[in-house]
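Next come the chains, spelled out residue by residue.
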Amino acid sequence: MSASETLFQAAQTHIPGGVNSPVRAFKGVGGTPVFFKRGEGAYLFDEDDKRYIDYVGSWGPMILGHCYQPVINAVRESLDNGLGFGAPTAIETEMADKVCELMPSIEMVRMVSSGTEATMSAIRLARGYTGRDKIVKFEGCYHGHSDSLLVKAGSGALTLGEPNSPGVPAALAEHTLTLNYNDLDSVRQAFSEVGEQIACIIVEPVAGNMNCVPPQPGFLEGLREICDEYGTVLIFDEVMTGFRVALGGAQALYNIKPDLTTLGKVIGGGLPVGAFGGKREIMSHIAPLGPVYQAGTLSGNPLAMAAGLAMLNALCEGDIHESLAAKAEYLTQGLEVIAARHNIPFTTTCVGGMFGLFFTDAKEIRGFSDATACDTERFGRFFHAMLDQGIYLAPSAFEAGFISDAHTEADLDATLEAADKAFASL
Ligand code: PMP
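As the structure is a prediction and not an experimental result, all values here were calculated from the model.

About the criteria used
Residues numbered from 1 in each chain as written. Predicted model: local features only at pLDDT ≥ 70, side-chain atom pairs only at ≥ 80, totals over all residues. Helix = DSSP H or I, 4+ residues; strand = E, 2+ residues; numbered from the N terminus. Rg over C-alpha atoms; globule rule 2.2 N^0.38 Å. Buried ≥ 20, exposed ≤ 12 C-beta atoms within 10 Å, placed from the backbone. Contact = placed C-beta atoms within 7 Å. Near = placed C-beta within 6 Å. Nonpolar A, V, L, I, M, F, W, Y, C, P; charged D, E, K, R; others polar. Pairing = 2+ DSSP bridges. Axes fitted to C-alpha atoms, helices over the stretch in contact; angles between N-to-C directions. Left-handed = near helix turned anticlockwise from the far one by under 90°. UniProt positions renumbered as here; feature names shortened; annotations may be inferred. Core = buried A, V, L, I, M, F, W, Y, C linked by C-beta atoms within 7 Å. Domains from an automatic or database assignment.

(A) Fine view of the overall build of the chain. Summing up its helical and strand segments, the chain has 14 helices and 16 strands in all. In terms of overall dimensions, the chain is globule-like: its C-alpha atoms have a radius of gyration of 21 Å, near the 22 Å expected for 426 residues. When burial is assessed residue by residue, the chain has 49% of its 426 residues classed as buried. Taking the contacts inside the chain whose residues are at least 6 apart along the sequence as the reference set, 72% of them involve residues at least 24 apart.

(B) The arrangement of the site of the ligand in detail. Near the ligand you find 16 residues, and of these S114, G115, T116, G144 and V239 are the closest. For the shell around the ligand, the element with the most residues is helix 4 (residues 115–130), which contributes three residues. Here the shell around the ligand is composed, by residue class, of four nonpolar, ten polar and two charged.

(C) Structural view of the sheet that holds strand 14 (residues 354–358). With antiparallel pairing, three strands are arranged side by side in an open sheet as 13-14-16. Pairing within the sheet leaves two strands with one partner each, and these edge strands are strand 13 (347–351) and strand 16 (401–402). Inspection of the sheet shows strand 14 paired to strand 16 by two bridges, in the antiparallel sense. Along strand 16, the bridge assignment pairs M354 with F402. Set on the sheet, helix 11 (residues 321–341) makes contact with strand 13 and strand 14; between it and strand 13 the angle comes to about 175°.

(D) Fine view of the packing of helix 3 (residues 90–102) against helix 10 (residues 302–318). Contact geometry of helix 3 with helix 10 gives a least axis separation of 10 Å together with a crossing angle of 35°. Once helix 3 is placed against helix 10, the crossing between them reads as left-handed. The residues of helix 10 that touch helix 3, namely those facing I91, E92, E94, M95, K98 and L102, are P302, M305, A306, G308, L309 and L312. Class assignment of the residues belonging to the contact of helix 3 with helix 10 gives a composition of eight nonpolar, one polar and three charged.

(E) Summary view of the UniProt feature "modified residue: N6-(pyridoxal phosphate)lysine" (unreviewed entry) in the chain. Feature annotation in UniProt places "modified residue: N6-(pyridoxal phosphate)lysine" (unreviewed entry) on K265, given in this structure's numbering. Of note, K265 is situated in the loop between strand 11 (260–263) and strand 12 (274–278). By the C-beta count within 10 Å, which is 28 here, K265 ends up buried. Those residues in contact with K265, other than ones at most four positions away along the chain, are W59, G60, P61, G115, V239 and M240.

(F) Representation of the nonpolar core within the structure. In this structure, A126, V233, I235, A275 and M354 are the most contacted members of the largest nonpolar core, which totals 123 residues. Tallying contributions element by element places helix 10 first for this core, with nine residues. Formed jointly, this core draws a minimum of three residues from each of two domains, domain 1 (3–63 + 320–425) and domain 2 (69–318). Discounting chain neighbours no more than four positions away, the residues touching M354 are V206, G208, C212, R244, V245, A328, A400 and F402.

Here you go:
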C-alpha cells in the first residue's frame, strides 16, 4: 500500500471524505488522492518521496513556485513578532497601497481570508449599494460556496434560480440568475426584462472553473456597457486571474474597468487571504465608513500580509508574465501536436499562466456546455497515466492548470514526453 493510501484511509475516520475541500478527493478521476509532504520550485514530493512536476500550484498561489524564498523569509521575519493582534498593522496599508497601484480600478480595498469571503462580501456590498436583490452569474463560473452563488439556472434562462446544494434556501436562490458565459444575447435579454432589479454581474473574466475558457472578444466589453446602462455593479472575480494572467490581472489584459474586483490565491502567497475592492464611491458603503456590514477576526493577518506583499513585490520586480504565457503556449501547443499524432480528439486553451485541456472534437470552447461535452472518462485515464509518470495535473476535467515561474523548459519537455506515453495508452 502506498503511504497516500494508508493516510487516505486514516483521514476518512474523522474528516468527511478524508479531505477539507471536495475536489481533493479525486472523485472526478477516481483513485486515491496523493498526500504531499513538501514542495520545492515546480515540484511536489509525496509521502513516499516520489517527485511530481506540479501544474496545480496550490490551485493558483504558487506562481513563483513552491517555497519561494523571499516569501518564506518574509513570513519568518513576521513570525517572530507574533501571529496576529486583531488590530491595525502598518503592513495592511502597504498591502492596500500595492493592490491599488497594481489594479487602478481599485481605489479602496478590504482584506479577507478566502476567495469565498471576498465574493460573498462584494455581492453584499453591490446589493447594499444599489438597493437591489438580484444578481447575475454565469454557468460554469465558480465564485466560492456562499449561498447566493450555489445556484443553478432554472429551466429557462429567466426562470428563478434553483439551489445547487441542499441547505441553500430556494427563497435566496431565486434572486440569482445564471446565464451562459460568452453569450451577450442572454445577458441583454435578462436585463431587458429585469435589469432595474439587478444589483451586480459577477464574472470570471477568464473562466477557470470549467477548465480554462477565455472570454470571446466583446463579451467583457458588452458586460461593462450593460452594467453602465442599468446602473448595475460589474464585479470581476479575479481570485484566479489576479496577478496571474497579467500583473494587473485580466482587467489589465483586456483593458476593462470593473466596479469591484475580488482577489485571492496569488495575493496571499499561499496563506489564506482574499480581498475585495473597487470604486471609492462603492467601497465607502462598507462598515465602518458605511452601513453595509462586513468583518473578520483574522482579516489582514500579519503573516498573511507579509506573504502576500512579498509575493506582489517579487512579481513587480520579476516581470514574469510574458514568460508564463510563453510556457503555457509551448506546453499546450506541444500537447495538441502529440494528441493529433495519436488521433486523440483534443484541444487546449491558455491565457497567461493558466491553461485548459479538453478531450473533445470541438475546435473551440466557449462555455459550460462545450466544457461538459468533453470526454471526462478519457481525461481521468490521461490524468492517471500522467500521475504515474510524476506529472501532477488538476484532478478534475473542470479545473484550469497553472504554470509557475519555476517550471523550466526541461520540465515542460518532460511533461510532453510523459504525455506522449499517456496519449498512446488511451
Ligand atoms: N472565485 C474563483 C474564481 C475561484 O477560482 C475560487 C476558488 N477556486 C473562489 C472564488 C473561491 O475561493 P476560495 O476557495 O479561497 O474560497
